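Residue-level structure breakdown
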Amino acid sequence: MAPRRVRGAVCLAVVASLARSLSVGFASPGRRGVAASLASGLAGLLSVESTRAYDLPDLPYAYDALEPSIDKVTMEFHHDKHHLTYVTNINKALEGKTQPALVDLQKTAIKDGAAFRNSGGGAYNHNFFWLEMAPTGKGGKPSEKLGSAIDDSFGSMDDFKATFEAAGAPGARFGSGWVWLVVTDDKKLAITSTPNQDNPLMEGVEGTPGIPILGCDVWEHAYYLKYQYRRPDYIKAWWDVVNWDQVSAWYEDALGGKAPTADSTTSAASLIGARKTSANLNLKLGFEANARYGS
């Protein structure tokens, strides 16, 4: 079932349950009418969202949680403006069409055209990016298995970081793009870079194809407010906020041939929570979202 249809079905079930609960709780016909009207309005609110192919996911931490590596203002612009634009534009491109899982969109994105390559790639890459970061001291360290693979492929963690940083330097990746650590078809680790919003999952991509498990955004909007032209300083500081626990989990999946989904799926509960201010609703439903990325 397409993501938007799943969300639509969940929304309708929630609305129906809410309507029954409210109707039972109100004794008079007039109050039951209020309950029905509230449920109807809630259904309308949710149905608008359920028609969207993909959603802008909330950050898994506060905007300032990655300081001093990445500043609060950069995070606000990067997430709320740039990422939102990619999500909005891929939704427009897919309007009226079947919406696959976001990861499935990547394979043929280059062949499918600019909207899929740029906006679809941008939506996926940024979902991935937020999840692979954590506040300083909270991201753990590479698993023993991943650490050994890094040593085998690059000599040491320090050598790996130096090679990764060199691949992201302006002289190597001129202009906008990303630097990636990927698991190749032969289950080896490799470092590659891609232009713009391309990623190693795309057929025909520049560089080394593979399953990405770590990626650094080297577009200027990712660092310029704090670092200006000093991209190498940004990449060095970025290591302090890498979520190695997540990267290690993705590495295990990649060895089995599974790419990070990074889906921005959203449950009815979180849809209500995101809009309760504008809709003047203060309802609490008896369930919670279980969106889990990269699993």
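Anyway, here's the lowdown on the structure attached to this text. Values in this document were obtained by computation on a predicted structure and should not be read as measured data.

**Concerning the overall build of the protein chain**
Helix and strand counts for the protein chain come out as twelve helices and three strands. Put simply, the protein chain has 295 residues, and 47% of those count as buried. When contacts within the protein chain are restricted to residue pairs at least 6 apart in sequence, long-range pairs at least 24 apart make up 73% of them. Of the roughly 14000 Å² of accessible surface on the protein chain, a fraction of 53% belongs to carbon and sulfur atoms.

**Things to note about the nonpolar core**
With 67 residues, the main nonpolar core has Phe160, Phe164, Leu189, Ile213, Leu214 and Trp238 as its most contacted residues. The biggest single contributor to this core is helix H6 (residues 114–131), with seven residues. Among all residues touching tryptophan 238, those that are not within four sequence positions of it are Ile70, Phe129, Glu132, Met133, Phe164, Leu214, Gly215 and Cys216.

**A look at the pairing of strand S2 (residues 189–195)**
In terms of residue burial, S2 counts as a mostly covered element, since seven of its seven residues are buried. Residues Leu189, Ile191, Ser193 and Pro195 line one face of S2 and the alternating positions Ala190, Thr192 and Thr194 line the opposite face, and both faces are buried. Alignment of strand S1 (residues 177–183) against S2, held across seven bridges, turns out to be antiparallel. When the sheet's bridge partners are listed, valine 179 is paired in S2 with serine 193. The hairpin turn running from S1 into S2, its antiparallel successor, is five residues long, and lysine 187 in that turn takes a positive phi close to 70°.

**Description of helix H8 (residues 157–168)**
Here H8 contains twelve residues, and its C-alpha end-to-end distance of 17 Å stays within 8% of the 16 Å for a straight helix at 1.5 Å per residue. Buried within H8 we find Phe160, Phe164, Glu165, Ala167 and Gly168. Each buried residue of H8 lies within a common arc of 160° when the element is viewed along its axis, so the set occupies one face. Those residues of H8 that are buried are in contact with helix H7 (144–154), S1, S2, strand S3 (211–217), helix H10 (231–238) and helix H11 (244–255).

**Examining the sheet that holds S3**
Taking strand neighbours across the sheet as the criterion, the three strands line up as S2-S1-S3 in an open arrangement whose pairing is antiparallel. Of all the strands in the sheet, the pair left with one neighbour each is S2 and S3. On average, each strand axis in the sheet is inclined to that of its neighbour by 25°, with strand direction left out of account. Summarising the sheet, S1 and S3 pair through six bridges and their orientation is antiparallel. Note that in S3 the partner of valine 179 across the bridge is cysteine 216. This element, H6, spans S1 and S3 of the sheet and lies at about 85° to S3. Relative to the sheet, H7 contacts S1, S2 and S3, its axis offset from that of S2 by approximately 80°.

Conventions we followed
- Residues numbered from 1 in each chain as written.
- Predicted model: local features only at pLDDT ≥ 70, side-chain atom pairs only at ≥ 80, totals over all residues.
- Heavy atoms only, no water.
- Helix = DSSP H or I, 4+ residues; strand = E, 2+ residues; numbered from the N terminus.
- Buried < 20%, exposed > 50% of the residue type's maximum accessible area, 1.4 Å probe, protein only.
- Contact = heavy atoms within 4.5 Å.
- Areas by Shrake-Rupley, 256 points an atom, 1.4 Å probe, with all protein chains shown as cover.
- Core = buried A, V, L, I, M, F, W, Y, C linked by side-chain atoms within 4.5 Å.
- Pairing = 2+ DSSP bridges.
- Expected span 1.5 Å × (residues − 1).
- Arc of directions from axis to C-beta.
- Axes fitted to C-alpha atoms, helices over the stretch in contact; angles between N-to-C directions.

Interpretation note: all reported values are geometric properties and have no functional meaning in isolation.
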